[in-house]
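An overview of the molecular structure
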Amino acid sequence: MNAAAAAVIFFLLPSGLFAEPDTVNCSSLPGERRECPANTSGGVALQKSTGTVACLLGKSWGYDDMGVWVADGCSAEFVVGVSGQTEPPQSTAQPAQKKGPEYIPNLGFKLYESEKGQIYMRLFSYSRFLNQKSLESTYTDFFGNTISLQRREDIELNKFFLPFSGWFLTPKFRYYLYVWSANTAQGDPAQVVGAGNLSYVFNPFVTLGTGITSLPAVRSTEGQFPYWLGVDDRLTSDEFFRASYTTGVWIKGALSDKVNYMAMLGNNLSQLGVNAAQLDNHLQTTSFMLNWLPTTGEFGYLGTFGDFDYHERVATRLGGHYTQSLEDAQEQPGTNSIENSQIRLTDGSLIFTPDLFGPGITVEKVHYDMVSIDAGFKYRGFALEAEYYWRKLSDFQGTNVGGIADIRDHGFQAQFSAMAIQQTLQPYVSGAAIKGRFGNSSEVRAGVNWYFRKERGLRVNAEWLNLKDCPVGYTAVPYPVGGNGNVFHVNLELNF
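In this text, all values refer to a predicted model and were calculated from it rather than measured experimentally.

**Here we look at the packing of aromatic side chains**
- Within the structure shown, the criterion is met by 25 aromatic pairs.
- In this structure an aromatic cluster arises from ring pairing among Phe124, Tyr126, Phe161, Tyr176, Tyr178, Trp180, Phe225, Trp228 and Tyr245.
- Cation over ring: Arg456 sits above Tyr227, and NZ or CZ is 5.8 Å from the ring centre.

This is how it looks when you write it as structure tokens:
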């Protein structure tokens, strides 16, 4: 065969069969999304970031059948055609391997996409070994009542969370719908929950949503779940002061490339386990959030706790939250309901307990005001994050409540973590305190995360807690109301 014939045969081969991967440069401005056409059938990889804002897969960059997209200031050089493009053709006896669904962290696997819509499926679950046997067997509340404590030692598949997300008819109309089960609450109200929300993205500055979501009352309800240092486990002060999930309407977005906001009008502080007939006939719950990311304009993937992202530039954040609600006893969920949030005094007593403040005194309604302020920084695997809380309970209504003065409580939490081995081993220490006229409490904890596949979605977590008069708890978290002493738990988490 002469050289001319060989050249003809080469050019008749299928396009790209022996081609080298191509590069695509794509850049965006803060608050902007841009799509760059490319042949992505062979896969895409980020080769080099060319901007000052971190490019995070699934958040500020990704790709589809039409090309690569970037957003919110991400600028980078991408390699396309990175999987299978340089392989020789397979023989007729070996059919080509079918391409699997696209995977994006925190969205899951893409099950379907067409010009009419998109469906992603995700799964979160974890198994927990819990040992509370070192806790004291009883505790005494502020009013002198001595209560026996159930000290657990068990293994539970603690939670099962199956969300579906995507868009319909237009990428601006989004849905997020899920099934959620807490196996520690077998047989209790809301042990299995079907919930979610719908939203419309007008632009980066305005998204309007309705359905069930978390009130933006503290940093941990801004949407970082489940990317916390512990596995599905807030510090006790966060759990004590925060609001929870409810049905409502909200607006959120970016005021600038470094400032984000959210405002929500909801039914109550915590609706999981509360049916519509139990709600009063007033929309009395509002919640507001504002955060500022002054240095890099981001705080890691989804604003997570800890620096798994390993920032090469110092990332910082400041946040503020305010929530208020008029609550009554019917609107408070059962003790073991999923992700509940109940109004307790700092000794752990439920405020709607009959005769709590004395014989014949029963609170039927109370006004809840709560403010939190948080700050943090991240750099090269190190992270220091803290939050301060202040709460006021006032305007008591009920039987003989005239003598109850306004109740003001405050508290804080602080967390320090470091990636001792990048993307693999992350030790951390943290502490919290709650103070009020009905008692003070505190906790210290130390833990470690082992990401044995160097991915966020699979980890082993071990954590030791030392509790002092814990005023909050239920079966889904490792600490009980009244806990005083040591708790140890180990978790295996799956999250894709």
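Back to the text.
**Looking at the sheet that holds strand 2 (residues 33-37)**
- Strand order in the open sheet formed by three strands is 2-5-4, with antiparallel pairing between adjacent strands. Edge strands, defined here as strands with exactly one partner in the open sheet, are strand 2 and strand 4 (61-63). Across the sheet, the mean angle separating the axes of adjacent strands is 20° when strand polarity is ignored.
- Two elements, strand 2 and strand 5 (residues 67-71), share five bridges in a ladder whose sense is antiparallel. Of the residues in strand 5, the one forming a bridge with Pro37 is Gly67.

**Brief notes about empty space enclosed by the protein**
- One pass over the structure, following the stated rule, counts four cavities of 30 Å³ or more.
- Here the largest cavity is characterised by a volume of approximately 110 Å³.
- Taken together, the elements giving at least two residues each to the lining of the largest cavity come down to strand 23 (407-418) and strand 24 (425-436).
- Looking at side-chain class alone, the lining of the largest cavity contains five nonpolar, five polar and five charged residues.

**Considerations on the pairing of strand 5**
- A large share of strand 5 lies buried, amounting to five of its five residues.
- Relative to strand 5, strand 4 runs antiparallel, the two sharing three bridges. What sits directly across from Gly62, in strand 5, is Trp69.

**Some words on the pattern of salt bridges**
- Taken as a whole and assessed by the stated rule, the structure comprises 17 salt bridges.
- One salt bridge in this structure joins Lys133 and Glu153, with 3.3 Å as the shortest N-O distance. Pair noted here: Lys133 is in the loop between strand 10 (124-131) and strand 11 (138-140) and Glu153 is in strand 13 (residues 153-168), with a separation of 20 residues, a long-range link.
- Given a relative accessible area of 44%, Glu153 falls into the partly exposed group.
- Note that Asp154 and Arg152 form a salt bridge whose closest N and O atoms lie 2.9 Å from each other. Each member of the pair, Asp154 as well as Arg152, is classed as buried.
- Overlapping salt bridges bring together Asp233, Glu443, Arg445 and Glu463 as one network.

**Looking at the nonpolar core**
- With 44 residues, the main nonpolar core has Ile351, Phe357, Val363, Val366, Leu393, Phe396 and Ile407 as its most contacted residues.
- Of all elements in the fold, only helix 2 (236-241), strand 18 (259-266), strand 21 (362-379), strand 22 (382-399) and strand 26 (458-468) reach the threshold of two or more residues within this core.
- For this core, the element with the highest residue contribution is strand 21, accounting for four residues.
- Excluding anything up to four places from it in sequence, Val363 contacts Ile351, Phe352, Phe357, Phe396, Gln397, Val401 and Ile404.
- Phe124, Phe161, Val193 and Ala195 belong to the second-largest nonpolar core, a separate cluster that totals 16 residues.

**Side note on the pairing of strand 16 (residues 206-214)**
- Where strand 15 (residues 192-203) meets strand 16, six bridges bridge the pair, whose relative direction is antiparallel. In the strand pairing of strand 16, Asn197 is matched with Gly211.
- Counting the residues in the hairpin turn of strand 15 and strand 16 gives two residues.

**Some words on the side chain of Asp141**
- Within the fold, Asp141 resides in the loop between strand 11 and strand 12 (146-148).
- In this structure, Asp141 is buried with no salt-bridge partner, the nearest side chain bearing the opposite charge being Arg344 at 9.5 Å.
- Only 2.9 Å separates the side chain of Asp141 from the backbone nitrogen of Asn145, close enough to count as a polar contact.
- Discounting chain neighbours no more than four positions away, the residues touching Asp141 are Ile147, Asp347 and Ser349.

**Looking at the sheet that holds strand 3 (residues 44-49)**
- If you trace the three strands from one edge of the open sheet to the other, you get 1-6-3, paired in antiparallel fashion. The open sheet has two edge strands with one neighbour each: strand 1 (22-27) and strand 3. Direction aside, neighbouring strands of the sheet carry axes that sit 30° apart on average.
- Direction of pairing for strand 3 relative to strand 6 (residues 75-80): antiparallel, over a ladder of five bridges. Counted as the bridge partner of Ser49 is Ala76 from strand 6.

What counts as what
Residues numbered from 1 in each chain as written. Predicted model: local features only at pLDDT ≥ 70, side-chain atom pairs only at ≥ 80, totals over all residues. Heavy atoms only, no water. Phe/Tyr/Trp six-rings, centres within 6.5 Å; stacked < 30°, edge-to-face > 60°. Lys NZ or Arg CZ within 6 Å of the ring centre and 35° of its normal. Pairing = 2+ DSSP bridges. Helix = DSSP H or I, 4+ residues; strand = E, 2+ residues; numbered from the N terminus. Axes fitted to C-alpha atoms, helices over the stretch in contact; angles between N-to-C directions. 1 Å grid on protein atoms, 1.4 Å probe; cavity = no way out; pocket = protein on both sides within 12 Å on 5 of 7 lines; lining within 4 Å. Points joined across faces, edges and corners; volume = space filled by probe spheres on them. Nonpolar A, V, L, I, M, F, W, Y, C, P; charged D, E, K, R; others polar. Buried < 20%, exposed > 50% of the residue type's maximum accessible area, 1.4 Å probe, protein only. Salt bridge = Lys/Arg side-chain N within 4 Å of Asp/Glu carboxyl O. Core = buried A, V, L, I, M, F, W, Y, C linked by side-chain atoms within 4.5 Å. Contact = heavy atoms within 4.5 Å. Lys, Arg positive; Asp, Glu negative; His and termini not counted. Polar contact = N/O pair within 3.5 Å; in protein donor to acceptor, adjacent residues only side chain to side chain.

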